[in-house]
Amino acid sequence: MRRKLVLIALLLFTIAGYSFGQNRLQVAVKDSITKEALIGAVVQVNAQPMLAAAVAASGIAEITSLPDGSQTLAVSLVGYQTKVVSVSLPFSNPAQIVTVYLSTDTQSLDEVTVTSTRTNSRLEDLPVKVEVLGLEEMNEEASIVPGNVASILGDISVIHIQKTSPVNGNQGIRMQGLDPKYTQILRDGLPLYEGFSGNLGVLQIPPLDLKQVEIFKGSVSTLYGGGAIGGMINLISKAPTSEPELTVILNRSSLKETNLNAYYAQKFGQAGLTLFAGATDQQAVDVNGDDFSDSPLIRQLTVHPRFFYTFNETSKGNLGYSFVSERREGGDVHAIKEPTALHSYFSRNDYTRHSLDYTLQHAFQANHQLTFKGTGSFFDRTANDTNYVFRGKQMSLYSELSDVLTLGKHTMVFGGNITLEQFRKGISDINQLVDFTYRTIGLFVQDDWVLSKKVTAQAGLRYDAHNQFGDFLLPRLSLLFKPTAALTVRTSVGTGYKTPNVFSLITPATIQTKTAFRYLLPVDANTQAERSLGTNMDIAYQTTIGENLMVQLDQAFYYTHIRQPIVAQATPAGFTQLFNAGFGVNSLGTDTYLRFTYKEIEAYFGYNHTISRREGSGEKTYLPFAPQDKFSTTLAYSIPEKWRMGIEASWVGNQYLYDNTLVNNYWFFAAMVSRQFKHMSIILNCENLFDIKQSSYEQVVTGTLQRPSFRPIWAPQEGRIVNLALKYNL
């Protein structure tokens, strides 16, 4: 009998222990500043066995079957500092919810910190819409297309890369359907590619030297002055990190292009160094067999060292130098090798660019920082168009002083800058262009005001005084509304201007208009600057479904109106003159994209629809080379530290030429696969898989071998390109 009682007692004790050991734990995870729920945060309990759960849409992570006693929780989310807390189970109230507040991790957010706004703000906190291509994208692009950044920019649906010359292969960037001259390109926040120095090889910048690319959509002239009407692209250079870095890439393509690029970075106590050196050797190639180059000869050498020094805890600076030398030649492939009486047509450009840039920063305290930065650039170019030689030199100077001050809910930027552009042509040149000196003095103020936890406003005002084209006052207002942690709404309106410059990346008014140097006339004294008004609205939604699926959906709307646009048109004597047109330009469009990641799978789908046309000209004339529809998609899969493969595609549709003629729609496909070893990677890439060429639709070159005539370029010329790269990374 006693034995039975003992067995019953042990059974009851076991049942009771089991009952009291099955605790339910509910954890709410919130942002320490906004107090918003952090959907997707992971709560891990250091129990046996290990248990974990993600914060659901309700804002709660729930874990069951926990034993009694002290339990240690590790709460984590990308971009936040992991927090460890302890709880003692069971709770007196079974419905009790444990609330954990996470603080942002500054170090992990460095790659998504936007520098172009001068406030170094987190991407998600900005009232203006910015697209950021980060270090991972730059490193991958450096292996796939080592010679330039055009490919990665063209993957974005709102950007269209336009080839502006069928001979030298030069390219321009269209944003929101507007001409390339309305897209401003900066390097580390400094304007290096304006005027005479900006109309050749701007996109021939190796991505290996870049940390990230920041893309502003719409007018941001209030921040950076004239020209940023359709958008602005800021190329951010790498900086040395705590670990030394060495990367070498050797690439060879079926287009007879060879690239050798190397990047080295290291810190030495308070000092640091980065060094990029790259060389490109590309032969002129006739793809379609018409005796004219579809891909030009390019021989380029780039050297870019930067020195960093931290004086103390509050002061630091850097100094950089850049040297670029390039020869670019297109035309009759036989004339490029050795001109003869039959094969005589060629177009050759030789240039060198020397640039010096500097930045000095001093923090008076945590909420007050002064920045002084600037650049000096010297550009020397000689153009030989079948023995017609034009030579010009440009000196560019830019200096800026800005002060960032945070007072309570206000982050204010005050500053001023001076821009100088001086052009001098060669003494022996017989064309009608004249020397000029343009000088702009600018003052700007900006205030980011956190009105509430959900609303932030940004107001900016800029005043520019130009020595030739007058004064400009540029107001701008942006608003950020964040009703939930997953949903963000941004809207902005701003003004802009663009001064006349014969060397801008212009799209001529007609096919008969020639933009070669021998035909250009100086800017007429009566020509006035263009003025613009633009508005953008962006709605973004981001969420995590389960533990592995991250989804981001973005919908943008935009409208830009340009008054008295400057166009180039042929004179009766056959020269080319810039003048203010009697019509305006309107661009109205939408941009939609969806991104998701699931474990090791990444995907992007983007669609852009833009109508850009002249208004007030008495006819519905669409802007040439501005596709009304563009669809882009990418799909990538990775096996960490071993394999990465991907495919991308884009469709370009409803594109018009000068005479309002609709050209053929076309698809563009590309694919890549890479194999990674300990320090070495092998990358095989194919651009334009299905060999789409404009020459498949029409004859691109007409006329004689000595006096050829070229059709406007609206589709790829080079056809299919296969390249193999070897990458060494230490």
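Quick caveat, the model's predicted, so the values are computed rather than measured. (Residues numbered from 1 in each chain as written. Predicted model: local features only at pLDDT ≥ 70, side-chain atom pairs only at ≥ 80, totals over all residues. Heavy atoms only, no water.)

Describe the overall build of the protein chain, listing the residues and the values that go with them.
Check the secondary structure of the protein chain and you find five helices and 41 strands. By residue count, 52% of the 730 residues in the protein chain fall in the buried class. Summarising the internal contacts of the protein chain: among those between residues at least 6 apart in sequence, 62% fall at separations of at least 24. Surface accessibility of the protein chain: about 32,500 Å² in total, with carbon and sulfur atoms responsible for 59%. (Helix = DSSP H or I, 4+ residues; strand = E, 2+ residues; numbered from the N terminus. Buried < 20%, exposed > 50% of the residue type's maximum accessible area, 1.4 Å probe, protein only. Contact = heavy atoms within 4.5 Å. Areas by Shrake-Rupley, 256 points an atom, 1.4 Å probe, with all protein chains shown as cover.)

How would you explain the sheet that holds strand β14 (residues 210-217) if you had to name every residue and give the values?
With mixed pairing, the four strands of this open sheet are ordered in space as β10-β14-β15-β13. Of all strands in the sheet, those with a lone pairing partner are β10 (130-133) and β13 (183-187), marking the two edges. When the angles between neighbouring strand axes are averaged without regard to direction, this sheet yields 15 degrees. Relative to strand β15 (residues 231-237), β14 runs antiparallel, the two being bridged by seven bridges. Its bridge partner lying in β15, leucine 210 is registered against serine 237. Set on the sheet, helix α2 (residues 135-144) makes contact with β10 and β14; between it and β14 the angle comes to about 115 degrees. (Pairing = 2+ DSSP bridges. Axes fitted to C-alpha atoms, helices over the stretch in contact; angles between N-to-C directions.)

For the pattern of salt bridges, give the residues involved together with the corresponding values.
Two side chains bearing opposite charge may form a pair once their charged atoms approach each other closely. This model, assessed by the stated rule, comprises 24 salt bridges. Where glutamate 131 meets lysine 217, a salt bridge forms, and the shortest distance between an N and an O atom there is 3.5 Å. Of this pair, glutamate 131 sits in strand β10 while lysine 217 sits in strand β14, and the two are 86 residues apart along the sequence. On the basis of relative accessible area, lysine 217 is assigned to the buried category, the value being 11%. One salt bridge connects aspartate 464 with arginine 462, and the closest N-O pair in it is separated by 3.0 Å. Exposure class is identical for aspartate 464 and arginine 462. Each is buried. Three or more residues joined by partner-sharing salt bridges are found here, namely Glu131, Lys217, Asp591 and Arg595. (Salt bridge = Lys/Arg side-chain N within 4 Å of Asp/Glu carboxyl O.)

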